[in-house]
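Take a look at the letters that make up each chain.
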Amino acid sequence: MAEHNLQHIDLNDYPHINKGLDGIVAFSTTKSFINGQTGELIYSGYHIDTLADNATFEEVCFLLWNDRLPKNSELEELHKKLQSNRELPEPVLNYIKTTDKNAEPMAVVRSAVSMLADFVDSNSSDLDNAITMTAQIPTIIAAFDRARNEKEIVTPLKDGSTAFNFLYMLNGEEPGQAAERTMDLCLVLHAEHGMNASTFTCRSICSTESDMFSAVTGAIGALKGPLHGGANTAVMNTLLKLKEQGEHADPVVFTKDKLDRKEKIMGFGHRVYKTFDPRAYHLRKMSKDLAEETGHQYLYEWSEAMVKTMKDEKNIDPNVDFFSATVYYSIGIQPDLYTCIFAMSRISGWTAHFFEQKANNRLIRPRALYTGEKNLPWVPAEER
Ligand code: ACO
């Protein structure tokens, strides 16, 4: 129905509710295209396979922010800006050092990003702020992980890629080329994905003419949930639960039992993809290769058995979160950090959508069908 026709309808009586806004197109975007039937994903003109084979995370950031790939000099400049912005303001670092060691890492990232707003120059542009958050989210994650494990916090490097520096800050030693490439590819694959729940949240906050830090803080809160980005941590916890069964562990029986109990299997299903998630092909290959290198073949074999069982039983395919879990596990990252790594990448997509929303804004304000009572008589408190 055309938008102008809706003006003449009393929406209080309008009977159709689109639960979950399934299939509703409320924005136009140049940031990404998804064909859920064929499993096609494009970021600003480039197929995800092309980017996975060629691009670095920093090139993807530039692409999403500018709708074109950077020239050498532009990429160099972006690297320099990211590198020189990695250190956290002292009060944010102090918060990370002193907060509860058992806090959820995603909650710490959310709170720390919110705090960053207090320390930026009031004249800084939205692009400056996008660069600040892209540069500092990895520092927040690594600093919290080291603080909670009572390890000395590692000062970020003033050179190297986002992926290299993150692994360096997390582990306290420089990563090898293969680990850097794995992390970089994960960042490329998670950077942007249309009108998912966190991006929608980001654009909704932007639409009120609020600031970018508020929009990203809200987006992190949305990503944290297990039906969205939190699924990668949940996948690993599921596999570790299966591992607890020792020699009796059987991924097929385990999966079927869960389905019988009407439980969701984390890392499977997608609102848009009705086929294999194109990002999952790359992650599946990485998961297989890393499992062989690190002696985690059993985890990879269990994952493949779960993929087959879900296909046979429910005709549901894995999404981006399924194989990313075992990739991160194989490079030694704690399961509760997986969603934080997602945020570290998706900051590029969120901020790109913020620019786009701001450039052509209209307040996001849908309606709700009221199903409660009307005009009840007032009853004084003592008579209720
Ligand atoms: N395990 C078991 N059954 C599933 C799963 C799953 N992972 N996903 C969907 N289904 C079933 C549902 O039970 C439902 O079956 P029914 O029709 O018999 O009731 C049917 O498939 C449709 O599922 P919905 O939940 O209605 O699909 P929706 O589009 O609303 O949800 C979602 C998509 C939330 C991603 C869902 O597939 C899910 O919960 N998956 C597990 C969590 C997950 O992996 N989330 C990450 C998604 S990717 C991302 O956000 C980065």
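Each value, and the rule that gives it
- Residues numbered from 1 in each chain as written.
- Predicted model: local features only at pLDDT ≥ 70, side-chain atom pairs only at ≥ 80, totals over all residues.
- Heavy atoms only, no water.
- Salt bridge = Lys/Arg side-chain N within 4 Å of Asp/Glu carboxyl O.
- Helix = DSSP H or I, 4+ residues; strand = E, 2+ residues; numbered from the N terminus.
- Buried < 20%, exposed > 50% of the residue type's maximum accessible area, 1.4 Å probe, protein only.
- Pairing = 2+ DSSP bridges.
- Phe/Tyr/Trp six-rings, centres within 6.5 Å; stacked < 30°, edge-to-face > 60°.
- Domains from an automatic or database assignment.
- Buried area = accessible area lost by both parts, 1.4 Å probe.
- Nonpolar A, V, L, I, M, F, W, Y, C, P; charged D, E, K, R; others polar.
- Arc of directions from axis to C-beta.
- Contact = heavy atoms within 4.5 Å.
- Polar contact = N/O pair within 3.5 Å; in protein donor to acceptor, adjacent residues only side chain to side chain.

**Looking at the pattern of salt bridges**
For the structure shown, the criterion picks out 20 salt bridges. Arg 181 serves as the salt-bridge partner of Asp 184, at 3.5 Å between the closest nitrogen and oxygen. One end of the pair, Asp 184, and the other, Arg 181, are both in helix H9 (residues 177–189), three residues apart, so they sit about a helical turn from each other. Under the relative-accessibility criterion, Asp 184 is labelled buried at 6%. The shortest N-O distance in the salt bridge between Glu 313 and Lys 256 comes to 3.8 Å. Of the two residues, Glu 313 sits in helix H15 (residues 297–314) while Lys 256 sits in helix H13 (residues 251–260), which places them 57 residues apart along the sequence. Lys 256 sits in the partly exposed class, given a relative accessible area of 35%. A network of salt bridges, in which partner residues are shared, links Asp 145, Arg 148 and Asp 336.

**Here we look at the pairing of strand E2 (residues 40–43)**
Sheet topology note: the strand E1 (residues 32–35)/E2 ladder contains four bridges and is antiparallel. Directly across from Phe 33, in E2, lies its bridge partner Ile 42. Hairpin connection of E1 to E2: four residues between the antiparallel strands, including Gly 39 at a positive phi of 75°. For E2 and strand E3 (residues 46–47), the ladder comprises two bridges, and the chain directions are antiparallel. In the sheet register, Ile 42 faces E3, and the bridge partner there is His 47.

**Quick look at the packing of aromatic side chains**
Tallying each qualifying case throughout the model produces seven aromatic pairs. Measuring from ring centre to ring centre gives 6.3 Å for Tyr 300 and Phe 323, while their planes differ by 40°; the resulting arrangement is tilted. Taken together, the residues Tyr 300 in helix H15 and Phe 323 in helix H16 (residues 320–330) connect sequence positions 23 residues apart. With a relative accessible area of 13%, Tyr 300 lands in the buried category. Note on Tyr 328 and Tyr 338: the rings are 5.2 Å apart at their centroids and 55° apart in plane angle, and the pair reads as tilted.

**Notes on the domain arrangement of the chain**
Interfaces are often sized by the amount of accessible area the parts lose when they come together. Along its sequence, the chain is carved into domain 1 (32–227 + 337–359) and domain 2 (231–330). Look at where the C-alpha atoms of domain 1 and domain 2 centre, and you get two points 25 Å apart. The contact between domain 1 and domain 2 buries some 2,000 Å² in all, and 65% of this surface belongs to carbon and sulfur atoms. Linking domain 1 with domain 2 are zero salt bridges, by the criterion used here. Only E1, E2, helix H2 (48–54), H9 and helix H17 (338–359) provide two or more residues apiece to the side of domain 1 that touches domain 2. Here the side of domain 1 that touches domain 2 is built from residues that sort into 12 nonpolar, 10 polar and four charged.

**Some details on H13**
By the burial criterion, the buried members of H13 are Pro 251, Phe 254, Thr 255, Lys 258 and Leu 259. Burial along H13 is one-sided: seen end-on, the buried residues are contained in an arc of 130°. In this structure, the buried residues of H13 make contact with helix H12 (231–243) and H15. The opening residue of H13, the one whose side-chain oxygen lies 2.9 Å from the backbone nitrogen of Val 252, is Asp 250. Lys 262 sits one or two residues past H13 and shows a positive phi near 60°.

**Some remarks on the side chain of Thr 182**
For Thr 182, the position within the fold is in helix H9. Of the residues examined, Thr 182 reaches a relative accessible area of 10% and is grouped as buried. Setting aside chain neighbours within four positions, we find Thr 182 in contact with Met 286, Leu 290, Val 327 and Ile 331.

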